[in-house]
Amino acid sequence: MELKFLVKKEAPYVYIHGSGCSKDIWIHQVSEVGGYAIDLPGHGESPDDEKISTVEDYAKYVVDFISKKVKKAYVIGHSLGGAVAQMTYLLAKESVLGLVLVGSGARLRVLPEILWGFKNDFKNTAYKSNDLLFYEGFNNKDVRDKILRQILNSGSKICFRDFNACDKFDLLEKYKKGEIKIDVPMLCIVGDKDVLTPPKYAYFFGDVVGARVEVIKNAGHMVMLEKPEEVNGVLIDFLK
Ligand code: COA
């Protein structure tokens with residue numbers, strides 16, 4: 001199965017969205033920085049693969065996309081997409097030029113009520129989780145509504161699958177013990193007001209694998225949409 005993607009300027013950068021979202025979250029980065037933003041299976045315009053249940057299952061599709069499209073790429077992932085980026089590196093180091101994790105972590109435990117809600121009380125949970133995604137001072141209603149629509153369009157089954165995959169994703173101890181080493185340049189970007197993946201998760205990568213950490217002021221979990229200019233500036237500086 002071929003993944004659908006968004007590209008405006010060709011470049012060896014592959015962007016991976018987070019739980020219940022789509023390639024459209026990267027619109028500002030694809031336009032200014034360049035590269036390919038993909039829809040993971042079952043998201044946006046990509047058909048689903050019912051066999052998917054883990055981060056590794058998603059990562060296999062990213063490995064395949066890179067090998068067909070650009071051979072080698074910087075892999076840039078948000079939240080669940082950051083977990084998929086790490087797994088892409090572990091599955092196919094030779095295909096990865098560098099890693100950028102945006103609002104992500106080495107472990108992504110999910111609040112049990114969010115997990116339960118995506119399965120059993122989908123619409124209310126979608127609305128509630130949308131509030132947690134943005135810094136309260138971010139007033140762009142259009143952007144907030146767009147993300148809510150993406151989550152509602154993804155539906156209960158896909159959202160539960162994504163958050164469940166996050167909840168099971170846990171490389172924390174392996175990094176701590178030095179069993180995982182990152183031998184490519186690595187950047188972590190996080191909003192200082194991110195309540196879902198707080199800056200602590202990014203600093204962890206600074207400590208254990210020497211990643212560069214950039215904390216963006218007055219931004220939440222959707223930092224690439226909340227502060228596109230700052231995020232693009234950091235990305236361009238890292239990728240140059
Ligand atoms: N990087 C570094 N440290 C991490 C980490 C990460 N990715 N994930 C957890 N930790 C740390 C915690 O900060 C905590 O440290 P502390 O003991 O010094 O306070 C410790 O590891 C244990 O954390 P965790 O396993 O997450 O258990 P918890 O009981 O602290 O919390 C949740 C469980 C679900 C309540 C919590 O993870 C949470 O609030 N998550 C954010 C909400 C959410 O749903 N996010 C969605 C992510 S996609």
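Residues numbered from 1 in each chain as written. Predicted model: local features only at pLDDT ≥ 70, side-chain atom pairs only at ≥ 80, totals over all residues. Heavy atoms only, no water.

Around the ligand, the structure places 13 residues, and the nearest of them are Arg107, Arg109, Val110, Leu111 and Lys200. One of the backbone N or O atoms of Ala106 is found 3.5 Å from a nitrogen atom in the ligand. At 2.7 Å from an oxygen atom of the ligand is found a side-chain nitrogen or oxygen belonging to Lys200. In terms of residue count, helix H8 (residues 199-209) provides more of the shell around the ligand than any other element does, three residues in total. Looking at side-chain class alone, the shell around the ligand contains eight nonpolar, two polar and three charged residues. (Near = heavy atom within 4 Å. Polar contact = N/O pair within 3.5 Å; in protein donor to acceptor, adjacent residues only side chain to side chain. Helix = DSSP H or I, 4+ residues; strand = E, 2+ residues; numbered from the N terminus. Nonpolar A, V, L, I, M, F, W, Y, C, P; charged D, E, K, R; others polar.)

In this section: the nonpolar core. Core analysis: the biggest nonpolar cluster contains 87 residues, and Ile189, Phe205 and Leu235 have the highest contact counts within it. Sorting elements by how many residues they give to this core places helix H6 (residues 141-168) first, with eight residues. Once residues lying within four places of it in the same chain are set aside, the contact partners of Phe205 are Gln86, Leu101, Gly105, Ala106, Tyr175, Met186, Cys188, Gly210 and Ala211. (Core = buried A, V, L, I, M, F, W, Y, C linked by side-chain atoms within 4.5 Å. Buried < 20%, exposed > 50% of the residue type's maximum accessible area, 1.4 Å probe, protein only. Contact = heavy atoms within 4.5 Å.)

If you check helix H5 (residues 122-133), its first and last C-alpha atoms are 16 Å apart, about what twelve residues at 1.5 Å a residue would give, namely 16 Å. Looking only at H5, the buried set comprises Phe122, Thr125, Ala126, Ser129, Asn130 and Leu133. Taken end-on, H5 shows its buried residues confined to a sector of 140°, consistent with a single buried face. Turned more than 90 degrees away from the buried face of H5 sit Lys128 and Asp131, all of them exposed. Elements in contact with the buried residues of H5: helix H4 (112-120), H6 and helix H9 (223-226). (Expected span 1.5 Å × (residues − 1). Arc of directions from axis to C-beta.)

The next point concerns the sheet that holds strand E3 (residues 36-38). Reading across from one edge, E1-E3-E2-E4-E5-E6-E7 is the order of the seven strands in this open sheet, with mixed pairing throughout. The open sheet has two edge strands with one neighbour each: strand E1 (5-7) and strand E7 (212-216). If you compare each strand with its neighbour and ignore which way they point, the axes differ by 20° on average. In this sheet, strand E6 (residues 186-191) lies alongside strand E5 (residues 96-102) in parallel orientation, the contact comprising four bridges. (Pairing = 2+ DSSP bridges. Axes fitted to C-alpha atoms, helices over the stretch in contact; angles between N-to-C directions.)

Here the focus is the environment of Val96. On the secondary structure map, Val96 appears in strand E5. We classify Val96 as buried; its relative accessible area is 5%. Sequence separation between Val96 and Lys72 is 24 residues, and the spatial gap between their C-alpha atoms is 5.5 Å. Once you skip the residues sitting within four places of it in the chain, Val96 turns out to touch Ala73, Val75, Thr88, Tyr89 and Val184.

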